[in-house]
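Inside the fold
Below, each chain spelled out in residue letters.
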Amino acid sequence: MNQITKDGENKMLEDKEAKDLEIEKTLKAPIALVWSMWTEAANFQKWYGPRGADVTVHKMDLQKNSERLVNLKMQTPRGEIDMWFAGIFQEISPDSKLVYTESHSDENGKIPSSVDSAMPASFHARTVVTVELTSIGESTKMTLEHKGVPADSRGAAGWKDAIDKLEDLLSK
């Protein structure tokens with residue numbers, strides 16, 4: 001389990017039962033602003049993904065069972081990475097809780113089977129992102145859980161970087 005400690009440091013914790021990514025962070029921003037960073041496409045693409053990534057939200061209709069489609073591009077030592085993420089909003093409780101699925105996809109939101117690509121089956125797995133927000137005066141406690149993303153994975157490292165970017169953006 002990956003948690004942000006009280007002093008803001010990211011700390012990897014071993015949990016024999018739960019190895020999915022979990023990040024808890026207190027952000028110095030009101031809950032309505034933090035909610036909008038997750039739910040408004042123009043805000044979401046400002047901070048999502050690791051530093052250096054160019055993110056474009058193609059679909060983000062904030063309604064239960066509606067689709068979301070996000071593209072992430074970035075340069076690496078091996079060349080450009082162009083990744084697509086598709087999902088469905090499962091739960092929307094304004095200023096409180098957001099739950100959506102997320103899978104690697106093509107640019108149309110189609111999730112390829114492992115038979116259709118050279119990637120392992122786990123690469124195409126549907127994961128679930130849960131974001132819970134709690135108001136603490138003028139700050140917001142945010143808990144992010146990404147079921148299906150191991151706490152010690154590159155995906156978890158990308159989330160940590162994205163949350164750091166979110167914190168930086170909100171502190172301006």
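So, here is what we can say about the structure in this document. (Residues numbered from 1 in each chain as written. Predicted model: local features only at pLDDT ≥ 70, side-chain atom pairs only at ≥ 80, totals over all residues. Heavy atoms only, no water.)

The subject of this paragraph is the sheet that holds strand E5 (residues 67-76). On the basis of which strands lie adjacent, the open sheet formed by seven strands has the order E3-E9-E8-E7-E6-E5-E4 and antiparallel pairing. Sheet topology places strand E3 (20-27) and strand E4 (54-60) at the edges, where each strand pairs with a single neighbour. Sheet twist, expressed as the mean angle between neighbouring strand axes with direction ignored, is 20°. Both strand E7 (residues 97-105) and strand E8 (residues 127-136) contribute to a ladder of six bridges, which runs antiparallel. Looking across to E8, one finds that leucine 98 is bridged to valine 131. Against the sheet, helix H1 (residues 31-39) contacts E3, E4, strand E6 (79-93), E7, E8 and strand E9 (139-150), and its axis sits at roughly 165° relative to E8. Helix H3 (residues 154-170) rests against E3, E7, E8 and E9 of the sheet, and its axis sits at about 10° to E3. (Pairing = 2+ DSSP bridges. Helix = DSSP H or I, 4+ residues; strand = E, 2+ residues; numbered from the N terminus. Axes fitted to C-alpha atoms, helices over the stretch in contact; angles between N-to-C directions. Contact = heavy atoms within 4.5 Å.)

What follows is about a negative patch on the surface. On the surface, Asp54, Glu80, Asp82 and Glu107 cluster together to form a negatively charged patch. Residue placement: glutamate 80 occurs in strand E6. (Patch = residues over 30% accessible without salt bridge, like charges linked within 9 Å, V, L, I, M, F, W, Y side chains within 5 Å. Areas by Shrake-Rupley, 256 points an atom, 1.4 Å probe, with all protein chains shown as cover. Salt bridge = Lys/Arg side-chain N within 4 Å of Asp/Glu carboxyl O. Lys, Arg positive; Asp, Glu negative; His and termini not counted. Charge placed at Lys NZ, Arg CZ, Asp CG, Glu CD.)

Residues Trp38, Phe44, Trp47, Trp159, Ile163 and Leu166 are the most contacted members of the largest nonpolar core, which totals 35 residues. At six residues, the largest contribution of residues to this core is made by H3. Sequence-distant contacts of tryptophan 159, defined by excluding residues within four places in its chain, comprise Leu21, Ile23, Trp38, Trp47, Tyr48, Tyr100, Val129, Leu144 and His146. (Core = buried A, V, L, I, M, F, W, Y, C linked by side-chain atoms within 4.5 Å. Buried < 20%, exposed > 50% of the residue type's maximum accessible area, 1.4 Å probe, protein only.)

Moving on, we come to unusual backbone geometry. A positive phi angle, near 70°, is found at asparagine 65, a position not held by glycine. Take asparagine 65: it is sitting in the loop between E4 and E5. For asparagine 65, a relative accessible area of 56% corresponds to the exposed category. In the Ramachandran plot, aspartate 95 falls in the positive-phi region, its phi being about 60° despite a non-glycine side chain. Mapped onto the fold, aspartate 95 is located in the loop between E6 and E7.

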